[in-house]
Structure formats: C-alpha cells, structure tokens
Amino acid sequence: MTARVLFTVLVCTVLAVGIGPVPPPPAGGAVKGVGMHELAGFTVGHLPEGVGGQVSDFHTEWGGVAFSSRVWERELPDGGYTVDLKLNVLRGERLGDLPSVRAFLSEYHERDAAAWDLRPFRHGAAAGHRTDGLVFWLVEPGLVVEVRLDPARFGESELTATALGVRRVEQAKRSG
C-alpha cells in the first residue's frame, strides 16, 4: 500500500470512531441491490459483473470538502482485500465550477493539474472529465460525483456504464 492509501484509511478510521460507526448498506441481498441503497442522495443503477461483494460506506472531509463514499472490495486469494469500485459524492464551496473541481481533484489525487490526461465526459447535462479508471462530473455548483473503477479488471465501457448509472434519488424515482 502507498503511504497515501494508509493515511486515508487511518483518517477514515479515526473519523468513523470519532463520529460513531457509519451504518453499512443493507445486507442479505445481491451486490446489485446494495448499489441501489441511497448514498448522499444518489443511487447506483449499474455495477460491473464480478465487482466485489464487501461493501462499506464512510464519510470524511478533505480540504474543506465533505466526502460520502461507498467502496466495493473483494477478497484476494492470498489474503487481504482490493478495491474494485469507489463512488464519492463530494460537497463543498471549492467545487463551484468544473475548473475548480479539476484543480481540487488533481490536488486530492496528487496529480499535476496541467499534465493530468483528462478527456471530456457528459452525464446528461452535467459536464465532467474522465481518465483511465476514473470519471467525475459537476452535478451543480458545490456538488460533484466521482466514480473510480479498477482499470486492470474493468474496461472503459464498464466505467461509462457504471458512471451513467449513478443517479440522484429523485431522478431514479422518476425514471424507475
């Protein structure tokens, strides 16, 4: 693990202990059912075939931005777990427009903003960016959704389908 991953796990653990345990999505159903459980006003309508069944929700803050996250992990044959999919719903004043979101996320992901190879992405009317295994879009000023999918296991088409399957709860109810 990288130092950043270890630090993030430690911070999330400390925050979870400080605010009490974050309830997990409902158990006892297929992973696809867990994805539909609401996370910060959003649901996931598509999960890639074979995505890990160990699902955890957590909430944290970084750089003045609040993160609500859901992680799908799978157990490795030699022990331990690896993240297949992560959904982040970000809220904060720093996220007022797409250039601000790009700057924030380049800092968060420790990328050189000028050199970060991002391509345009659209989620309905919302503009965003994508790169290998990562897509994000500005839902509205102050509200961003980010989807990370393990690019070693899942292709670009699965990343697109997963991202486009993320809907606001009120949109999911209207289209369902």
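One can find the structure itself at the top, above this paragraph.
Keep in mind that this is a model prediction, so the values were computed, not measured. (Residues numbered from 1 in each chain as written. Predicted model: local features only at pLDDT ≥ 70, side-chain atom pairs only at ≥ 80, totals over all residues. Heavy atoms only, no water.)

Visitor: How would you sum up the pairing of strand E3 (residues 65-75)? Please name residues and give values.
Guide: The sheet contact formed by strand E2 (residues 54-62) and E3 spans nine bridges and is antiparallel. The partner of Thr60 across the bridge, within E3, is Phe67. Counting the residues that bridge the hairpin from E2 to E3 gives two residues, and of these Gly63 lies at a positive phi of roughly 60 degrees. Sheet topology places E3 next to strand E4 (residues 81-91); ten bridges connect them, and they run antiparallel. (Pairing = 2+ DSSP bridges. Helix = DSSP H or I, 4+ residues; strand = E, 2+ residues; numbered from the N terminus.)

Visitor: Account for the sheet that holds E2, naming residues and giving values.
Guide: In space, the seven strands of this open sheet follow the order E2-E3-E4-E8-E7-E6-E5, with antiparallel pairing throughout. With partners counted over all chains shown, the strands left at the sheet margins are E2 and strand E5 (119-123), one partner each. Strand-to-strand twist of the sheet, defined as the mean angle between neighbouring strand axes without regard to direction, takes the value 20 degrees. Across the sheet, helix H3 (residues 98-108) lies against E2, E3, E4, strand E6 (126-131), strand E7 (134-140) and strand E8 (143-149), angled at about 140 degrees from E7, the strand it touches most. (Axes fitted to C-alpha atoms, helices over the stretch in contact; angles between N-to-C directions. Contact = heavy atoms within 4.5 Å.)

Visitor: So what's going on with the packing of aromatic side chains? Which residues, and what values?
Guide: According to the stated counting rule, one finds seven aromatic pairs in the structure shown. With 5.1 Å between their ring centres and 75 degrees between their planes, Trp62 and Tyr108 make a pair best called edge-to-face. Taken together, the positions of Trp62 in strand E2 and Tyr108 in helix H3 put the pair 46 residues apart, joining distant regions of the chain. For Trp62, a relative accessible area of 23% translates into the label partly exposed. For Tyr108, a relative accessible area of 9% puts it in the buried group. Consider the rings of Phe104 and Tyr108, whose centres lie 6.4 Å apart with planes at 10 degrees: the pair is stacked. Taken together, the residues span about one helical turn, with Phe104 and Tyr108 both in helix H3 at a distance of four residues. Assigned by exposure class, Phe104 and Tyr108 land together as buried. (Phe/Tyr/Trp six-rings, centres within 6.5 Å; stacked < 30°, edge-to-face > 60°. Buried < 20%, exposed > 50% of the residue type's maximum accessible area, 1.4 Å probe, protein only.)

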